[in-house]
Amino acid sequence: MGISEKLAELELEYSKTQKNKRTEGHLGILKAKMAKLRREIVEGASGKAGAGGGSGGFDVRKAGNATVVFIGLPSVGKSTMLNAMTGSKSKIAAYSFTTLSCIPGIMKHKGAQIQLLDLPGVIGGASLGKGRGREVLAVARNADLVLLILDVFDTNYRDKLIAELDNMGIRLDQTPVDIAIEPVTRGGLNIVFSKKQTHGLDAKIVTGILKEYGIFNGSVIIRDDATVDQLIDKLTGNRKYIPSLTVINKIDLVQKDYLKQIKYPFVPISADKEQNIEKLKDEIYSALKMIRVYTKSRFEAADDEPLIVKEGTTVIAACAQIHKDLKQNFKFAKIWGPSAKHPGQKVGADHVLRDGDVFKVETR
Ligand SMILES: Nc1nc2c(ncn2[C@@H]2O[C@H](COP(=O)(O)OP(=O)(O)OP(=O)(O)O)[C@@H](O)[C@H]2O)c(=O)[nH]1
Ligand SMILES: [Mg+2]
C-alpha cells in the first residue's frame with residue numbers, strides 16, 4: 001500500500017470515529033499517524049521542487065527582497081494578475097491548466113523588488129499529488145507571503161485552499177506555540193502545563209501522541225493553551241508559518257453589493273480590467289512588513305536608493321545585507337529619523353531600525 005492509500009485509510013477512520021471525550025486520545029493518535037505520513041509526502045515533494053528543479057519539479061530561484069506565490073484554482077486569473085502587476089507575459093487562456101510551470105515576475109513597489117510566482121492552478125487533493133499539486137504547494141513553502149486567489153463566483157473555495165496548504169505543512173497566519181520537549185533515555189514522561197488548557201489537551205493525550213513519535217521518557221513543558229494539532233506540529237517539526245492575503249478577482253462581473261456576503265477579509269480586484277491593482281500592491285507590501293532605510297557615507301548626503309529590510313531588523317543585520325566587511329568592521333552607528341532619540345544619536349549593533357531611518361556606520 002502506498003503512502004497516499006494509507007493516508008486515505010486513516011482519514012476515513014478519523015472521519016468515522018465519533019468525536020467525544022472518550023475517543024479524544026484515539027483521535028489524537030490517528031492525527032499523529034496522519035501527520036507522519038503527510039510529512040513523508042511533503043519531504044518527497046520539497047526535494048523535487050527545490051532550486052535546480054530535478055525530476056520534474058519547478059525550477060524556482062528566489063529573487064528580489066521577498067517572494068510571493070499565487071495559489072488558486074485553475075482559471076481564477078492568476079496569470080492575468082501577474083501580467084497586470086509586473087508587465088510579464090504569462091500565458092492567459094479561457095481553459096484550465098494554462099500555466100504548467102512556475103512563471104516568475106518582479107513587481108517594483110515603494111523601492112522594493114518583490115518576486116511574484118505565478119503557478120499552475122491547484123485542485124482538491126492537490127496535496128496528494130493531483131494535477132502536480134504537490135510541486136505547486138511545495139513552492140509555497142518557501143514563500144514570504146501566500147496570495148489565496150479566488151474567482152468572484154467561487155469564494156467558498158478559500159477553506160479548501162487553506163486545507164491543501166495545511167496538508168503540506170504550511171500554517172497560514174499562525175504563530176508556533178511554545179512547547180518544549182526534551183527526550184531522555186529513562187524515567188518516564190514528566191508533563192507540565194504552565195497555562196490552563198481549554199482545547200482538551202491533558203497528560204494522557206500528550207503521552208499517547210508522544211509514544212507515536214517514539215518518545216517514552218523526557219520532559220514536556222506546554223507553555224501555551226495548545227491544541228492536539230499544534231502539539232503534533234511541534235513533533236513533526238517541518239512546519240512553515242507564512243502570512244497570507246486573500247484576493248477576489250473578476251469583480252468586474254458582479255455588482256458591488258454582491259461582495260457584501262463574503263465573511264473574511266479580502267482585496268477585491270479585476271486583473272483583466274486592471275481595477276484596484278495599486279491597492280493590492282500596497283497590501284502586499286505591508287503584509288510583507290518591509291521597511292525602507294537609507295545609508296549615509298562620511299561625506300555625502302543620504303542615499304536616494306533605499307535599502308529594503310524586514311521590520312524588526314537591527315543595524316548590524318542591515319549592515320550584513322549591504323556587505324559582510326561592513327558587518328565585520330562595525331564599531332557603532334549614528335541614526336537620524338523615526339528611531340532616533342535625537343538627530344545623529346549614537347547606537348550599537350542591536351538598535352532596531354524603523355521605516356525612513358537614515359544611518360551612518362563607523363567602522364574600525
Ligand atoms: N471578467 C474577467 N475575466 C478575467 C479576469 N482575470 C482573468 N480573466 C479571464 O479568466 C480566464 C483565465 O485567466 P488566467 O489568467 O489564464 O487564469 P489562471 O488562474 O492563470 O489559470 P491556470 O493557469 O489555468 O491555472 C481568461 O479567459 C482571462 O481572460 C477579470 O478580472 N475579469
Ligand atoms: Mg495561469
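Structure report, in brief. (Residues numbered from 1 in each chain as written. Chains lettered and ligands numbered in written order. Predicted model: local features only at pLDDT ≥ 70, side-chain atom pairs only at ≥ 80, totals over all residues. Heavy atoms only, no water.)

## Quick look at the overall build of the chain
Scanning the chain from N- to C-terminus turns up 10 helices and 16 strands. Taking the principal axes of its C-alpha atoms as reference, the chain extends roughly 70 × 60 × 45 Å. Going through the 364 residues of the chain one by one, you find that 46% of them count as buried. Of all intrachain contacts in the chain linking residues separated by at least 6 positions in sequence, the fraction that spans at least 24 positions is 63%. Summing over all exposed atoms, the chain offers an accessible surface of approximately 18500 Å²; the carbon and sulfur share of this is 51%. Separation between the mean location of the 55 positive side-chain charges and that of the 42 negative ones in the chain comes to 3 Å. (Helix = DSSP H or I, 4+ residues; strand = E, 2+ residues; numbered from the N terminus. Buried < 20%, exposed > 50% of the residue type's maximum accessible area, 1.4 Å probe, protein only. Contact = heavy atoms within 4.5 Å. Areas by Shrake-Rupley, 256 points an atom, 1.4 Å probe, with all protein chains shown as cover. Lys, Arg positive; Asp, Glu negative; His and termini not counted. Charge placed at Lys NZ, Arg CZ, Asp CG, Glu CD.)

## Side note on the packing of helix α6 (residues 203-212) against helix α7 (residues 228-236)
Across the interface, α6 lies against α7 with an axial gap of 11 Å and an inter-helix angle of 35°. As α6 runs across α7, the sense of the crossing is right-handed. Where α6 abuts α7, its residues I205, V206, I209 and L210 lie against V228, L231, I232 and L235. Tallied by class, residues from the contact of α6 with α7 come to eight nonpolar, no polar and no charged. (Axes fitted to C-alpha atoms, helices over the stretch in contact; angles between N-to-C directions. Left-handed = near helix turned anticlockwise from the far one by under 90°. Nonpolar A, V, L, I, M, F, W, Y, C, P; charged D, E, K, R; others polar.)

## Section: the site of ligand 1
Surveying the vicinity of ligand 1 reveals 23 residues, the closest of which are T80, F97, T98, T99 and D252. In this structure, an oxygen atom belonging to ligand 1 sits 3.1 Å away from a side-chain N or O atom of K250. Contacts to ligand 1 include A271, whose backbone N or O atom sits 3.1 Å from an oxygen atom. Protein contacts shield 89% of the accessible area of ligand 1, which totals 650 Å² for the unbound molecule. Placement of ligand 1 is best described as lying within the largest pocket. Take the shell around ligand 1: its biggest share by element is three residues, from helix α3 (residues 78-86). The residue makeup of the shell around ligand 1, split by class, is nine nonpolar, 10 polar and four charged. (Near = heavy atom within 4 Å. Polar contact = N/O pair within 3.5 Å; in protein donor to acceptor, adjacent residues only side chain to side chain. 1 Å grid on protein atoms, 1.4 Å probe; cavity = no way out; pocket = protein on both sides within 12 Å on 5 of 7 lines; lining within 4 Å. Sits in = over half its atoms within 2 Å of the grid points.)

## Comments concerning the side chain of S339
Residue placement: S339 occurs in the loop between β14 (330-336) and β15 (345-347). Only 2.6 Å separates the side chain of S339 from the side chain of D357, close enough to count as a polar contact. Ignoring anything within four residues of it in the chain, the contact list for S339 reads Q345, H351, V352, R354 and D357.

## Considerations on helix α5 (residues 158-167)
Every α-helix carries 3.6 residues per turn, so stepping three or four residues along brings you back to the same face. Those residues of α5 lying buried are R158, L161, E164 and L165. All buried residues of α5 fall inside an arc of 125° around its axis, so they share one side. Against β1 (66-72), α4 (133-140), β4 (145-151), β5 (170-172) and β10 (244-249) lie the buried residues of α5. Positive phi appears at G169, one or two residues downstream of α5, with a value of about 80°. (Arc of directions from axis to C-beta.)

## Brief notes about the side chain of N217
Within the secondary structure layout, N217 lies in the loop between α6 and β8 (218-222). Assessed through its relative accessible area of 18%, N217 is described here as buried. Of the polar contacts made by the side chain of N217, one reaches the backbone nitrogen of G187; its length is 3.4 Å. Looking at N217, its side chain comes within polar contact range of the main-chain nitrogen of G188, at 2.6 Å.

## Points about the layout of surface pockets
Taken as a whole, the largest pocket encloses approximately 320 Å³ of empty space. What lines the largest pocket is a set of 26 residues, and nearest its centre among them are S75, V76, G77, T80 and A93. Looking at the lining of the largest pocket element by element, the count peaks at three residues for α3. Reported here for the second largest pocket is a volume of approximately 280 Å³. Lining the second largest pocket are 15 residues, and of these K31, R38, D166, R171 and D229 sit closest to its centre. Among the elements of the structure, α1 (3-16), α2 (24-49), α5 and α7 are those that each provide at least two residues to the lining of the second largest pocket. When the residues that make up the lining of the second largest pocket are grouped by side-chain class, the tally is four nonpolar, three polar and eight charged. A domain split of the lining of the second largest pocket shows at least three residues from each of domain 1 (3-48 + 177-236) and domain 2 (50-174 + 240-287). (Points joined across faces, edges and corners; volume = space filled by probe spheres on them. Domains from an automatic or database assignment.)

## Remarks on the environment of I221
Tracing the backbone through its elements, the reader meets I221 in strand β8. Separated by 43 residues in sequence, I221 and D178 have C-alpha atoms that sit 8.4 Å apart. With near-sequence residues (within four places) excluded, I221 lies in contact with D178, I179, A180 and V192.

## A short note on the packing of aromatic side chains
Under the defined criterion, the tally for this structure stands at two aromatic pairs. Centroid distance F153 to Y258: 5.9 Å. Interplanar angle 75°. Geometry classified as edge-to-face. With F153 in the loop between β4 and α5 and Y258 in the loop between β10 and β11 (267-268), the pair connects residues that are 105 residues apart, well separated along the chain. On the basis of relative accessible area, Y258 is assigned to the partly exposed category, the value being 29%. Look at Y264 and F266: their rings are 6.3 Å apart centre to centre, the planes differ by 75°, and that puts the pair in the edge-to-face class. Judged by relative accessible area, which is 17%, Y264 ranks as buried. Judged by its relative accessible area of 23%, F266 falls in the partly exposed class. (Phe/Tyr/Trp six-rings, centres within 6.5 Å; stacked < 30°, edge-to-face > 60°.)

Remember, this is a structural readout, not a statement about activity or role.
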